[in-house]
Amino acid sequence: MNIYTTLAQLTISFSVGYVWIFRFDNITKEFKQYGLSDLTRNAVGASKIVLATLLITGIWFPTLVLIPALLMAFLMTCAQFFHFKVRNPWSKHLPSLFLLAASIFVALFTSK
């Protein structure tokens, strides 16, 4: 496996874990700002943590990487949509935009 792909997988996974575990109060505020329910927030959080875990597991089992990377890219695209919807400043867009690009990078270079 390519070292850059592995680094991207680790970056995505640890970023998602950090935000959804240690900065959950910030996530709660953002989802209220977006007008989304607690159930939606919890489903998105659980999905992201599962996908992050699969991306880490994919370091040893590369066949597990493509679908989680694509699903993570989809969730990051949704995050971008909601940032635009509430007209957040670009500083709020950048983390999910970076993770979107990293997820696409992982999906592209692990499918070969």
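Residues numbered from 1 in each chain as written. Predicted model: local features only at pLDDT ≥ 70, side-chain atom pairs only at ≥ 80, totals over all residues. Heavy atoms only, no water.

*Asks:* What am I meant to see in helix 2 (residues 24-34) here?
*Replies:* When helix 2 is considered as a whole, its buried residues turn out to be Ile27, Thr28, Glu30, Phe31 and Tyr34. End-on, the buried residues of helix 2 take up no more than an arc of 170°, which puts them together on one face. The exposed set on the far side of helix 2, more than 90 degrees from its buried face, consists of Lys29 and Lys32. Against helix 1 (3-22), helix 3 (38-57), helix 4 (66-85) and helix 5 (90-110) lie the buried residues of helix 2. Once helix 2 finishes, glycine 35 follows within two positions and takes phi at roughly 80°, a positive value. (Buried < 20%, exposed > 50% of the residue type's maximum accessible area, 1.4 Å probe, protein only. Helix = DSSP H or I, 4+ residues; strand = E, 2+ residues; numbered from the N terminus. Arc of directions from axis to C-beta. Contact = heavy atoms within 4.5 Å.)

*Asks:* How should I be thinking about helix 4 in this particular structure?
*Replies:* Each α-helix turn comprises 3.6 residues. Residues three or four places apart therefore point the same way. Taking 1.5 Å per residue, 20 residues should reach 28 Å; helix 4 reaches 29 Å between its end C-alpha atoms and fits that length. Buried within helix 4 are the following residues: Pro68, Ala69, Met72, Ala73, Leu75, Met76, Ala79, Gln80, Phe82 and His83. Those residues of helix 4 that are buried are in contact with helix 1, helix 2, helix 3 and helix 5. Where helix 4 terminates, the next one or two residues include arginine 87, which has phi positive at roughly 55°. (Expected span 1.5 Å × (residues − 1).)

*Asks:* Got a minute to help me understand the nonpolar core in this structure?
*Replies:* The nonpolar side chains of a soluble globular protein tend to be buried, and buried together. Ranked by internal contacts, the top residues of the largest apolar core, which has 21 residues, are Ile12, Val16, Trp20, Leu55, Met72, Met76 and Val106. Broken down by secondary-structure element, the contributors of at least two residues to this core are helix 1, helix 2, helix 3, helix 4 and helix 5. Leave out the neighbours within four places in its chain, and methionine 72 touches Ile12, Val16, Lys48, Leu51, Ala52, Leu55 and Ser103. (Core = buried A, V, L, I, M, F, W, Y, C linked by side-chain atoms within 4.5 Å.)

*Asks:* What is the right way to read the side chain of glutamate 30 from this model?
*Replies:* Within the element layout of this structure, glutamate 30 appears in helix 2. One buried charged residue, glutamate 30, remains without a salt bridge, the closest side chain of opposite sign being lysine 92 at 4.2 Å. Filtering out sequence-adjacent residues up to four positions away, glutamate 30 remains in contact with His83 and Lys92. (Lys, Arg positive; Asp, Glu negative; His and termini not counted. Salt bridge = Lys/Arg side-chain N within 4 Å of Asp/Glu carboxyl O.)

*Asks:* Help me out: how do you make sense of the pattern of salt bridges in this one?
*Replies:* Oppositely charged side chains can form a pair if their charged atoms are brought close together. Within the structure shown, the criterion is met by 1 salt bridge. A salt bridge links aspartate 38 to arginine 41; the nearest nitrogen and oxygen atoms lie 3.0 Å apart. In this pair, aspartate 38 and arginine 41 both sit in helix 3, 3 residues apart, roughly one turn of the helix. The exposure class assigned to aspartate 38 is partly exposed, which follows from its relative accessible area of 44%. What makes arginine 41 buried here is its relative accessible area of 9%.

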